[in-house]
Amino acid sequence: MKDNEQAADVVVIGLGPGGEEVASRLAEAGLAVVGIERELVGGECPYWGCIPSKMIVRAAETLAEAGRVDLLAGSAQVRSDYTPVARRIRLSTDGWDDTAAVQRFEKAGGRFVRGRAVLVGPRRVRVGETVFLAAVGVVLATGSAPVRPPIPGLASSGYWTNREAIEATSPPGSLVVLGAGAVGLELAQAFARFGSVVSVVESADRVLPMEEPEAGAVVETVLRAEGLDLRTGRRAVGVSRSGGHTTVQLDDGSTVGGEQLLVAVGRRAELRGSGVASVGLDESGRMVPVDDRMRAADGLWAVGDVTGLGAFTHLAVYQAQIAIADILDVRGFTADYTGLPRVTFTDPEVGSVGMTEEAARAAGMQVRVGRAPVPSTSRGIIHGPGNEGVIKLVCDADHGVLAGATSVGPRGGEVLSMLTLAVHARLPITTLRTMIYAFPTFHRGILDALADLPG
């Protein structure tokens with residue numbers, strides 16, 4: 001072994017949710033694990049993603065609920081103040097300091113290395129001048145980064161990604177958001193509820209274009225009623241900034257502008273410079289292909305966003321558990337994405353699992369669809385203002401099971417849990433129809449949607 005070489009059993013590159021799970025669990029199992037992270041241990045989720053963004057959403061929902069008091073229980077005067085929100089975020093992230101997370105990993109028995117890691121061959125990882133030799137193998141968990149679209153003037157004008165939005169100590173007076181997916185709409189609605197004048201630009205013909213059209217329609221109606229300017233079917237073709245104001249030129253000749261511009265048009269893995277070519281993979285690709293045991297090559301596993309199967313913390317941790325089992329030679333645990341859930345935390349929430357109606361039909365499936373408007377359900381009537389939503393079931397008619405489902409409404413993500421189980425376990429529609437549903441709950445609306453299902 002050369003002077004600059006060091007031995008390990010497993011080297012984990014990237015300690016976001018998936019990588020940290022792999023590294024910690026393998027270290028606890030007694031393996032010599034080196035965990036390498038160039039940013040913050042824990043990754044995007046606890047510092048700029050899932051946790052702090054939902055703190056903003058939660059605060060904004062509280063303001064909206066307070067505004068509904070006049071319609072439900074009397075009267076209220078509400079004054080928004082972003083200071084407590086910024087304070088909570090700073091506390092939850094330890095001021096964007098990962099000392100506690102590093103210590104947690106080291107306490108599990110791992111060795112932590114801060115730096116940029118590059119694969120330099122099978123089971124070989126370089127950080128600076130040091131090369132780690134992994135006897136068992138390497139786990140790639142390098143995550144993803146916001147897409148930075150090549151719009152003329154964008155780079156020179158300056159803009160926010162989700163990170164700058166989360167770190168902001170006050171809402172901007174006005175905000176333009178590029179992208180009407182989950183990140184864009186969650187932050188757009190939240191900042192609007194804190195007083196920002198918000199415009200959203202989306203190149204697709206509807207918001208939440210990856211979800212069911214019914215879901216996008218409900219959310220769009222709510223956002224427009226709250227005063228957001230939604231420009232769907234429009235593409236940004238130029239950006240300029242002058243006097244503290246950003247102007248976005250659209251492909252129809254119109255413009256939108258604001259104090260800040262938030263770019264939220266998606267995320268992608270960046271493989272260039274990662275060294276994956278040294279193990280036979282394509283560095284120009286957008287993802288690392290993996291099998292159902294998370295194997296990408298001999299002695300190489302990949303988990304999380306870098307696999308291209310979904311940018312979700314819950315997916316990264318799920319994949320991590322599969323990789324751990326394979327590395328420890330535990331048989332019988334392989335990936336199954338049939339019941340992969342996703343939630344957009346707008347108000348109303350949008351929870352989805354499995355295939356959309358369009359995807360199911362494109363796959364050649366015989367499809368039946370059932371819908372239930374949430375305002376007409378028993379709990380929707382009780383809830384009153386803020387009850388907008390719909391439950392949609394996509395049935396594989398040949399097999400009598402759900403191929404997919406969507407739950408839009410108050411706590412739509414929580415209602416989704418039952419639907420996720422049904423899709424994952426391929427529960428017969430007859431079973432779902434003959435269950436007892438607690439009354440009056442939002443999830444009882446599933447029974448209404450089943451009643452609407454033909455046959």
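Here is a short report on the structure shown in this document. Here the residue index of a chain counts from 1 through its sequence in written order. Side-chain atom pairs in this predicted model are given and counted only at pLDDT of 80 or more, local residue features only at pLDDT of at least 70, and totals for whole chains, interfaces and linings cover all residues. To get the side-chain values, take all heavy atoms of the structure and skip hydrogens and water.

## Considering the overall build of the chain
Part 1: A count of helices and strands for the chain gives 16 helices and 22 strands.
Part 2: Here the C-alpha coordinates of the chain stretch approximately 75 × 65 × 40 Å along the principal axes.
Part 3: Only protein chains enter the accessibility calculation, which uses a 1.4 Å probe. A residue is then buried if its area is under 20% of the maximum for its type, exposed if over 50%, and partly exposed in between. Counting the 455 residues in the chain, one finds 51% classified as buried.
Part 4: Taking as baseline every contact in the chain between residues at least 6 positions apart, the subset at least 24 positions apart corresponds to 62%.
Part 5: Methods summary: accessible areas were calculated by the Shrake-Rupley approach with a probe of 1.4 Å, and residue burial reflects only the protein chains presented. Accessible surface, the chain as shown: approximately 19,900 Å² in total, 51% of it carbon and sulfur. The secondary structure listing takes helices from DSSP runs of H or I that are at least 4 residues long and strands from runs of E that are at least 2 residues long, numbered from the N terminus. Pairs of residues are marked as contacts when any of their non-hydrogen atoms sit within 4.5 Å.

## Section: the side chain of glutamate 349
Part 1: On the secondary structure map, glutamate 349 appears in strand β19 (residues 349–354).
Part 2: In this tally, Lys and Arg are treated as positive and Asp and Glu as negative; His is ignored, and so are the chain termini. Here, a salt bridge means any side-chain nitrogen of Lys or Arg that lies within 4 Å of a carboxyl oxygen of Asp or Glu. For the buried glutamate 349, no salt bridge is present, and the opposite-charge side chain at shortest range is arginine 411, 4.1 Å distant.
Part 3: Separated by 2.9 Å, the side chain of glutamate 349 and the backbone nitrogen of glycine 413 make a polar contact. Polar contacts here mean pairs of N or O atoms no more than 3.5 Å apart (in protein, one a potential hydrogen donor and the other a potential acceptor; neighbouring residues in sequence count only if both atoms are side-chain atoms).

## A look at the pairing of strand β22 (residues 401–409)
Part 1: Of all nine residues making up β22, nine are buried, and the element is well covered by its neighbours.
Part 2: In terms of strand pairing, β19 meets β22 through six bridges, oriented antiparallel. Residue pairing across strands places glycine 354 opposite glycine 404, the latter belonging to β22.
Part 3: Taken together, the seven bridges between strand β21 (residues 390–396) and β22 define a ladder with antiparallel strand orientation. By the bridge assignment, valine 390 is partnered in β22 with valine 408.
Part 4: Linking β21 to β22, which pair antiparallel, is a turn of four residues; within it glycine 400 sits at a positive phi near 65°. Two strands are said to pair when DSSP picks up at least two bridges between them.

## Structural notes on the pattern of salt bridges
Part 1: Counted by the stated rule, this structure contains 29 salt bridges.
Part 2: Where lysine 54 meets glutamate 186, a salt bridge forms, and the shortest distance between an N and an O atom there is 3.1 Å. Here lysine 54, found in helix α3 (residues 50–67), pairs with glutamate 186, found in helix α9 (residues 182–193); they are 132 residues apart in sequence, far enough to count as distant.
Part 3: On the basis of relative accessible area, lysine 54 is assigned to the partly exposed category, the value being 23%.
Part 4: The salt bridge involving aspartate 326 is made with arginine 293; its shortest N-O contact spans 3.6 Å. A residue pair is termed long-range when its members are at least 10 positions apart, and aspartate 326 in helix α11 (residues 313–327) and arginine 293 in the loop between β15 (267–268) and β16 (295–297) qualify at 33 residues.
Part 5: Look at aspartate 326 and you get buried, because its relative accessible area is 10%.
Part 6: Linked through salt bridges whose partners overlap, the residues forming this network are Glu212, Glu214, Glu357, Arg361, Arg371 and Lys392.

## Side note on the pairing of strand β10 (residues 229–232)
Part 1: Pairing between strand β9 (residues 197–202) and β10: four bridges, direction parallel. Looking at the pairing, valine 200 lines up with leucine 230 of β10.
Part 2: Crossover handedness is defined here as right-handed if the route from the first strand over the helix to the second strand goes clockwise, with the strands pointing away from the viewer. Handedness of the crossover is the feature at issue here: the chain leaves β9, passes through helix α10 (residues 213–225), returns alongside β10, and the resulting connection is right-handed.

## Remarks on the sheet that holds strand β13 (residues 255–258)
Part 1: Reading across from one edge, β11-β12-β13 is the order of the three strands in this open sheet, with antiparallel pairing throughout. Each edge of the sheet is formed by a strand with only one pairing partner; in this case those strands are β11 (236–242) and β13. Mean inter-strand twist for the sheet, computed between neighbouring axes without regard to direction, equals 20°.
Part 2: In terms of strand pairing, β11 meets strand β12 (residues 245–250) through six bridges, oriented antiparallel. Of the residues in β12, the one forming a bridge with arginine 241 is threonine 246. For every element, the axis is a line fit to its C-alpha atoms; helices are fit only across the contacting stretch, and the angle between N-to-C directions ranges from 0 to 180 degrees.

## Quick look at the state of the cysteines
In a disulfide, the sulfur atoms of two cysteines are covalently bonded to one another.
Part 1: Here, a disulfide means two cysteine sulfur atoms that sit within 2.5 Å of each other. This model, assessed by the stated rule, comprises one disulfide.
Part 2: Note that cysteine 45 is cross-linked by a disulfide to cysteine 50, the S-S spacing being 2.4 Å. Across the S-S bond linking cysteine 45 and cysteine 50, the dihedral sits near -135°, which makes this disulfide left-handed.
Part 3: Given the relative accessible area of 12%, cysteine 45 is considered buried.
Part 4: The exposure class assigned to cysteine 50 is partly exposed, which follows from its relative accessible area of 27%.

## Describing the side chain of serine 144
Part 1: Mapped onto the secondary structure, serine 144 falls in the loop between β6 (130–140) and β7 (145–146).
Part 2: At 2.6 Å, the side chain of serine 144 forms a polar contact with the side chain of aspartate 305.
Part 3: Beyond its immediate sequence surroundings of up to four residues, serine 144 is in contact with Arg267, Arg268, Ala269 and Asp305.

## Some details on the packing of aromatic side chains
Part 1: Put simply, two rings from Phe, Tyr or Trp (the six-membered ring, in Trp's case) pair if the centres are within 6.5 Å, and we call them stacked under 30 degrees between planes, edge-to-face over 60, tilted for the rest. Taken as a whole, this structure holds six aromatic pairs when the rule is applied.
Part 2: Aromatic pair tyrosine 82 and phenylalanine 194: ring centres 5.1 Å apart, planes at 85°, arrangement edge-to-face. With tyrosine 82 in the loop between α4 (69–72) and α5 (83–92) and phenylalanine 194 in the loop between α9 and β9, this residue pair connects regions lying 112 residues apart in the sequence.
Part 3: Seen from their ring centres, tyrosine 318 and phenylalanine 333 are 6.2 Å apart, and the 80° between their planes marks the pair as edge-to-face. Of the two residues, tyrosine 318 is situated in helix α11 and phenylalanine 333 in the loop between α11 and β18 (341–344); the sequence distance between them amounts to 15 residues.
Part 4: A residue is classified by how much of its surface remains accessible, and phenylalanine 333, at 30% relative accessible area, is partly exposed.

## Some details on the nonpolar core
Part 1: Among the buried residues, those of types Ala, Val, Leu, Ile, Met, Phe, Trp, Tyr and Cys that are joined through side-chain atoms within 4.5 Å form a nonpolar core. Val33 and Val200 are the most contacted members of the largest nonpolar core, which has 66 residues in total.
Part 2: Of all the elements, α9 adds the most residues to this core, at six residues.
Part 3: Among residues more than four places away in sequence, those in contact with valine 33 are Val10, Val12, Ala23, Leu26, Ala27, Phe105, Gly110 and Arg111.
Part 4: In this structure, Ala134, Val138, Leu140 and Val306 belong to the second largest nonpolar core, which totals 24 residues.

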